[in-house]
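Residue-level listing of the chains:
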Amino acid sequence: MIKPFEKPIYVTKPFLPPLEDFSDGLKEIWDSHWLTNNGPVLNRFTQQLSNYFETDNVCVFNNGTLALQIGLQGLGISGEVITTPFTFVATTHALFWNKIRPVFVDIEPDYYTLDPEKVEAAITPWTTAILAVHVFGHPCKLNALADIARRHNLKLIYDAAHAFGVRVGNKSIAHFGDMSMFSFHATKPYHSMEGGMLTFRDSGQKSTFDYLKNFGFKNEVEVVIPGTNAKMNEMQALMGSMVLECLDEIIEKRWQITCLYREKLKGVPGIRLAPELPKDVRYNYAYIPIEVDEQEFGMSRDQLYEELKKYNIYARRYFYPLICDFACYRSVSVKDPLAVARAVASRILALPIYYDLHLEDVHKICDIIIAINQRKSNRQNTKIKGKV
Ligand SMILES: Cc1ncc(COP(=O)(O)O)c(C=O)c1O
């Protein structure tokens, strides 16, 4: 009989740099009395990001949602945008806030990213862009989407909220498409407490994004666009800067955790993990999504989710329900049957992964899943024997 964890194990837990280092950084902020509005810490952080992503085309925001909203507005996207229903709601909200109609199409079954074939079929004269999501940090079908966007003269935008640190063919994922949005939310492997960033192809966009995030101010006396307030403050920038310095270590630890989950869950009936990513992808190990097959595992995803809670393990059903099934989007017409997305949403469960999750705890989480499965199969076998 395995005992429940004494303390709750949540799906994620933010990485924190040493408190003394953060205090030293705070001292600089205290000395300067500069808390927000393009302060020295933010400027230094922006330069660090620019070096990390090997581009000057970066713009930093107070969160990823506003970054995406502003990015769509800055690029002048309108009409219809083809997107995925299998994501966090903010992806679609950013369209809605720009009065853009989301056109939901299906995902592919391996990595859960937008299915290019379905994208092509959904293009209409009103389509202006594709908004694809590197969901769980899995890179989208980059070449196929780029090809569709080029042939149909559409903007290609990536919600890369989960993909900080991901590289493909020795290039940062930020270098694909016309624009990418990264979230620095505390739940992500990389974070600045709250924060976000746009990277973009056309350097001419930079000033528009900068104006839009600062009320439209061009200078003290000129307001050129009805902008909003989406500026990152100095404390966020300090956290972002410190976490960036530790990112390699964070990713390395997450890799170890992922390997252990893969090893231990391999062969458990009814549990499926996404296939290993292609060799040219450097992954950030952002999530451990598993699919639970009710028939084979012996219980549904929801039952497993509830069972795990009894052991003090709080997995999350990312991403369920599909966006189009939320009350606020039910009136959006959906032509694609979304067969894959619906099946995946009903089976998906994200398991705990974070920097200071101990490997022995990963062993225990897996042993609990295995024990739940065995208990269920023993009961079923007894029932079958009882009938014979
Ligand atoms: C796929 C996706 N898009 C957008 C966002 C929004 O980012 P933020 O929380 O930084 O506003 C998130 C965040 O959590 C996300 O997971």
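Placed above this text is the structure.
Residues numbered from 1 in each chain as written. Predicted model: local features only at pLDDT ≥ 70, side-chain atom pairs only at ≥ 80, totals over all residues. Heavy atoms only, no water.

Asker: How should the sheet that holds strand β13 (residues 288-292) be read in this particular structure?
Answerer: Within a sheet, adjacent strands bond to each other through the backbone by hydrogen bonds, running parallel or antiparallel. Here 3 strands make up an open sheet; going across it, the order is β11-β13-β15 and the pairing antiparallel. The sheet is open, and its two borders are formed by β11 (271-273) and β15 (348-351), each paired with just one other strand. Within the sheet, the average angular offset between the axes of one strand and its neighbour, ignoring direction, is 35 degrees. Both β13 and β15 contribute to a ladder of 4 bridges, which runs antiparallel. (Pairing = 2+ DSSP bridges. Helix = DSSP H or I, 4+ residues; strand = E, 2+ residues; numbered from the N terminus. Axes fitted to C-alpha atoms, helices over the stretch in contact; angles between N-to-C directions.)

Asker: Help me understand the layout of surface pockets in this model?
Answerer: Put simply, the largest pocket is a space of about 740 Å³. Forming the boundary of the largest pocket are 40 residues, of which Phe 88, Thr 187, Lys 188, Tyr 318 and Phe 319 lie nearest the centre. At the level of secondary structure, the elements contributing two or more residues to the lining of the largest pocket comprise α3 (64-74), α4 (90-96), β9 (179-183) and β15. Ranked by residue count, the leading element in the lining of the largest pocket is α3, at 3 residues. (1 Å grid on protein atoms, 1.4 Å probe; cavity = no way out; pocket = protein on both sides within 12 Å on 5 of 7 lines; lining within 4 Å. Points joined across faces, edges and corners; volume = space filled by probe spheres on them.)

Asker: I'm lost on the nonpolar core in this one. Help?
Answerer: For soluble globular proteins, nonpolar side chains are generally found buried alongside one another. Counting 79 residues, the largest nonpolar core has Leu 49, Phe 86 and Phe 136 as its most contacted members. Counting residues per element, this core draws most heavily on helix α8 (residues 234-245), at 6 residues. Residues Leu 304, Val 362, Cys 366 and Ile 372 belong to the second largest nonpolar core, which totals 31 residues. (Core = buried A, V, L, I, M, F, W, Y, C linked by side-chain atoms within 4.5 Å. Buried < 20%, exposed > 50% of the residue type's maximum accessible area, 1.4 Å probe, protein only.)

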